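# An overview of the molecular structure
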Amino acid sequence: MVDGRDQLRERRAVHHGRRPLLADAAIAVLARDGGRGLTHRAVDREAEVPEGTTKNYFPTRDSLLEAAANRMADQHRAAVAQLRATTPAGVSPHQVRALYPAMIRRAVHGDPTQVLAMFELYLAAVRRPSVRAALGDMVTANADATVELHRAAGLIGEPGAAALLNACLLGVMVSQLALPPDALAAIDLADADDVGAQLFDATTGEYPEVGRPLPARAR
């Protein structure tokens with residue numbers, strides 16, 4: 001005989017498990033189809049759940065966007081916690097500097113889902129305060145983690161510089177995903193290694209390259 005309390009716990013587990021599943025599906029739809037493609041039916045199909053499931057959990061499109069933003073913020077907080085837990089005590093500025101080109105390559109040439117969905121959420125946040133609040137929590141956590149990482153490497157670690165670095169990284173990632181190769185080459189944004197290192201140098205001042213040769217077009 002099944003205990004009624006066991007049935008209740010099972011129903012609650014399914015209920016709470018469905019919300020992150022649907023939010024993850026909404027993120028995937030946003031990245032693939034853009035803001036206009038985010039519908040309850042599209043999320044149902046992406047999550048492979050019966051039609052109407054998403055609307056039961058998130059009745060309005062605004063609540064669906066908010067769920068995607070909060071889910072992404074939760075994922076970023078988890079990533080920040082992981083970074084803090086795994087940063088070695090003797091991390092060097094050179095090792096930290098190498099992270100930024102790697103992040104660009106991973107986001108652009110690996111899985112661009114997070115970057116594309118985040119950009120769509122940025123657009124939605126202009127008119128939706130709840131989405132704006134979730135993004136605010138995310139970028140604040142990212143900036144705090146950047147400051148901690150930089151200070152662990154013996155860098156100054158100023159919050160403003162960290163926030164500027166993160167904002168520039170997002171802009172570079174979106175540019176590399178959106179612009180044609182010839183345009184990226186013309187504005188010197190094509191090389192992830194070069195751009196990532198330059199962003200680090202410009203915002204930390206750790207590696208001032210005074211004698212660095214200018215690109216051919218600027219000579």
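Below you will find a few notes about this structure.

Parameters at a glance
Residues numbered from 1 in each chain as written. Predicted model: local features only at pLDDT ≥ 70, side-chain atom pairs only at ≥ 80, totals over all residues. Heavy atoms only, no water. Helix = DSSP H or I, 4+ residues; strand = E, 2+ residues; numbered from the N terminus. Buried < 20%, exposed > 50% of the residue type's maximum accessible area, 1.4 Å probe, protein only. Contact = heavy atoms within 4.5 Å. Axes fitted to C-alpha atoms, helices over the stretch in contact; angles between N-to-C directions. Left-handed = near helix turned anticlockwise from the far one by under 90°. Nonpolar A, V, L, I, M, F, W, Y, C, P; charged D, E, K, R; others polar. Expected span 1.5 Å × (residues − 1). Polar contact = N/O pair within 3.5 Å; in protein donor to acceptor, adjacent residues only side chain to side chain.

## Thoughts on the overall build of the protein chain
For the protein chain, the helix and strand inventory stands at 10 helices and zero strands. When the elements of the protein chain are put in sequence order from the N terminus, they spell out α-α-α-α-α-α-α-α-α-α. Looking at the 219 residues of the protein chain, the share that counts as buried comes to 37%. Within the protein chain, counting contacts between residues at least 6 apart in sequence, those at least 24 apart form 67% of the total.

## Describing the environment of leucine 149
With respect to the element layout, leucine 149 can be found in helix H7 (residues 129-152). What makes leucine 149 buried here is its relative accessible area of 8%. Leucine 149 sits 62 residues away from threonine 87 along the chain, and the two C-alpha atoms are 7.4 Å apart. With near-sequence residues (within four places) excluded, leucine 149 lies in contact with Leu83, Thr87, Val96 and Leu99.

## Let's talk about the packing of H7 against helix H8 (residues 159-178)
Where H7 meets H8, the axes come as close as 8 Å, and the angle between the chain directions of the two elements is 115°. Taken as a pair, H7 and H8 cross one another with a handedness that is right-handed. Residues Asn142, Ala143, Thr146, Val147 and His150 of H7 pack against Pro159, Ala162, Ala163, Leu165 and Asn166 of H8. Along the lines of polarity and charge, the residues of the contact of H7 with H8 split into six nonpolar, four polar and no charged.

## Digging into helix H10 (residues 192-204)
In this model H10 runs 18 Å from its N-terminal to its C-terminal C-alpha over 13 residues, within 8% of the 18 Å that 1.5 Å per residue would give. Residues Ala192, Val195, Gly196, Ala197, Leu199, Phe200, Asp201 and Thr203 constitute the buried set of H10. On its buried face, H10 is in contact with helix H5 (93-110), H7 and H8. A distance of 2.9 Å separates the backbone nitrogen of aspartate 193 from a side-chain oxygen at the start of H10, and that oxygen is part of aspartate 191.

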